[in-house]
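Structural description and commentary
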Amino acid sequence: MIVAADPHQEIRDAVRQLCRQFPDEYFRKLDEEKAYPDAFVDALMAAGWLAAMIPQEYGGAGLGLTEASVVLEEINRSGGNSGAVHGQMYNMGTLLRHGSNAQKNKYLPSIASGKLRIQSMAVTEPTTGTDTTKIKTTAVKKDGRYVVNGQKVWISRVQHSDLMILLARTTPLAAVTKKSEGMSIFVIDLRESIGRGLTVVPIPNMVNHETNELFFDNLEVPEENLVGEEGKGFRYILDGLNAERTLIAAECIGDGYWFIERARKYANERVVFDRPIGTNQGVQFPIAEAYIEVEAANLMRFKACELFDAHEACGPQANMAKYLAAKASWEAANVCLQTHGGFGFATEYDIERKFRETRLYQVAPVSTNMIFAYVAEHVLGLPRSF
Ligand SMILES: Cc1cc2nc3c(=O)[nH]c(=O)nc-3n(C[C@H](O)[C@H](O)[C@H](O)COP(=O)(O)OP(=O)(O)OC[C@H]3O[C@@H](n4cnc5c(N)ncnc54)[C@H](O)[C@@H]3O)c2cc1C
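Now for a quick tour of the structure. All figures in this text were calculated on a predicted structure; none of them were measured in a lab.

**Here we look at the overall build of the protein**
- Regarding its fold elements, the protein presents twelve helices and ten strands.
- A globule of 386 residues ought to have a C-alpha radius of gyration of about 21 Å, and the protein, at 21 Å, matches this closely.
- Overall size of the protein, expressed as C-alpha extent along the three principal axes, is 80 × 50 × 40 Å.
- Here the protein holds 386 residues, and the buried ones make up 52% of them.
- The contacts of the protein with a sequence gap of at least 6 include a subset with a gap of at least 24, amounting to 72%.

In structure tokens:
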């Protein structure tokens, strides 16, 4: 069989080599302690991997979404979890696309060199959920600054970031003609904000993922921290979602291959009734099925990457890649657990940890129903349902 050379093999080899320094035991221990993978994140930043998509003029690698997605895929495929770092890759895109030259020159070189972390983006609110245009957090302009009040929920990596992108209402919903107007984005310097109008309350959760509730009480934000034009923030956030969804799809693909490899190996090794359990079709067929589905999802992920990197519209492909990959990785997780029988539940096998981790991606950063709604309305021309 002739197999075409993988054009990303060099990146894969380099990321795999870095990940080998952080084996299963490292992530298992952090999971037990609910701790953040500081050493791992530092190593990735020092090697420049999280600056993959920052243009070279700002000190980044100037690579595309394709290459960035390979980095995150390899992290998950090595048994790690990109959830601790992926924000750094897509949040900088908001500054790059919509920031002023002054903002880009101020932040991007330090983000590229690993001195500044922009791991957080604050959109979701407790009372409005997916209905983003109804957000209640407000930013009111006053004496050369904006004063922010409100609440956010599920905001990840705030305790391990220097900067955060915030979406807030600058014009009341009742005063805009279109509900998507009147929201703005700001770059928040967390080092100056926490304890001075911003309170961070961690949310214990099912996975080892640092995520928080945020309370804004008259937080003062300098006027120059507004990104782009006032009132256009919702559009700017949407612009970043295709990259985010495609990167998450790649992480799920990485998880999927990890689960399949573990299942394949165990099914070949584990002997019950005097033969490897993988001899039974009831064991091998679900593994084969999971593999087929991960491979198919991977094609859509690379299609989305290709369109994004060619600056072409990729909303349908990015959404479909996220849906297919999250579903495939979850099915692979289930098959892997089943193949391992009771041992799948043992912490030392890492399967239950990855099983919990990959489940998240059917809910965040966008839930499966919202992808169906997008495809129904924007691809198939069905009536808007909400
Ligand atoms: C671990 C974790 C990390 C996160 N990190 C961040 C972050 O860093 N920044 C951030 O801003 N957010 C973050 N989120 C929030 C995440 O994006 C939301 O949880 C997600 O978008 C769903 O919103 P919700 O939880 O409010 O669900 P809801 O909007 O309350 O929806 C609940 C369920 O109902 C369904 N539903 C709602 N309306 C409809 C409808 N019209 N039709 C069909 N189904 C519908 C949804 O699909 C969902 O399954 C994170 C969440 C988690 C769990």
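**Description of the side chain of Ser-156**
- Relative to the elements of secondary structure, Ser-156 occurs in strand S3 (residues 145–156).
- Once residues lying within four places of it in the same chain are set aside, the contact partners of Ser-156 are Gln-119, Ser-120, His-209, Glu-210 and Thr-211.

**Digging into the packing of aromatic side chains**
- One pass over the full model with this rule turns up eleven aromatic pairs.
- Ring geometry for Tyr-26 and Phe-27: centres 5.1 Å apart, planes at 85 degrees, overall edge-to-face.
- We classify Tyr-26 as partly exposed; its relative accessible area is 21%.
- Relative accessible area serves as the criterion here: at 7%, Phe-27 is assigned to the buried category.
- Three or more aromatic residues joined by ring pairs form one cluster here, namely Phe-22, Tyr-26, Phe-27 and Phe-40.
- For the cation-ring pair, Arg-359 lies above Trp-330, with the distance from its terminal atom to the ring centre recorded as 5.4 Å.

**Some points on the site of the ligand**
- For the ligand, the set of nearby residues contains 18 residues, the closest of which are Thr-124, Thr-130, Trp-154, Ser-156 and Ser-367.
- Separating a nitrogen atom of the ligand from a backbone N or O atom of Trp-154 is a distance of 2.8 Å.
- One of the backbone nitrogen or oxygen atoms of Pro-365 is found 3.4 Å away from an oxygen atom of the ligand.
- Within the residue set of the shell around the ligand, elements represented by two or more residues are S3 and helix H12 (368–379).
- With three residues, S3 is the single largest residue contributor to the shell around the ligand.
- Here the residues of the shell around the ligand sort into ten nonpolar, eight polar and no charged.

**So, the pattern of salt bridges**
- Counted under the stated rule, the structure contains 27 salt bridges.
- A salt bridge links Arg-356 to Asp-31; the nearest nitrogen and oxygen atoms lie 2.8 Å apart. Of this pair, Arg-356 sits in helix H11 (residues 351–359) while Asp-31 sits in helix H2 (residues 24–33); the two residues are 325 residues apart in sequence, bridging distant segments of the chain.
- Among the salt bridges present, the one from Glu-73 reaches Arg-301, with a minimum N-O distance of 2.7 Å. Of this pair, Glu-73 sits in helix H4 (residues 65–77) while Arg-301 sits in helix H9 (residues 281–309), and the two are 228 residues apart along the sequence. Exposure class is identical for Glu-73 and Arg-301. Each is buried.

**Some details on the nonpolar core**
- Core analysis: the largest hydrophobic core is formed by 57 residues, its most contacted members being Phe-40, Leu-44, Ile-75, Val-85, Met-89 and Ile-111.
- When sequence neighbours within four positions are dropped, the list of residues in contact with Leu-44 reads Leu-18, Trp-49, Leu-50, Ile-75 and Val-85.

**Regarding the pairing of strand S2 (residues 138–142)**
- Two elements, S2 and S3, share five bridges in a ladder whose sense is antiparallel. Along S3, the bridge assignment pairs Ala-139 with Val-148.

**Describing H2**
- All buried positions along H2 are accounted for by Asp-24, Phe-27, Arg-28, Leu-30 and Asp-31. All buried residues of H2 fall inside an arc of 165 degrees around its axis, so they share one side.
- Buried residues belonging to H2 abut helix H3 (38–46), helix H8 (233–269) and H11.
- Directly beyond the C-terminal end of H2, a positive phi value near 50 degrees is found at Lys-34.

Each value, and the rule that gives it
- Residues numbered from 1 in each chain as written.
- Predicted model: local features only at pLDDT ≥ 70, side-chain atom pairs only at ≥ 80, totals over all residues.
- Heavy atoms only, no water.
- Helix = DSSP H or I, 4+ residues; strand = E, 2+ residues; numbered from the N terminus.
- Rg over C-alpha atoms; globule rule 2.2 N^0.38 Å.
- Buried < 20%, exposed > 50% of the residue type's maximum accessible area, 1.4 Å probe, protein only.
- Contact = heavy atoms within 4.5 Å.
- Phe/Tyr/Trp six-rings, centres within 6.5 Å; stacked < 30°, edge-to-face > 60°.
- Lys NZ or Arg CZ within 6 Å of the ring centre and 35° of its normal.
- Near = heavy atom within 4 Å.
- Polar contact = N/O pair within 3.5 Å; in protein donor to acceptor, adjacent residues only side chain to side chain.
- Nonpolar A, V, L, I, M, F, W, Y, C, P; charged D, E, K, R; others polar.
- Salt bridge = Lys/Arg side-chain N within 4 Å of Asp/Glu carboxyl O.
- Core = buried A, V, L, I, M, F, W, Y, C linked by side-chain atoms within 4.5 Å.
- Pairing = 2+ DSSP bridges.
- Arc of directions from axis to C-beta.

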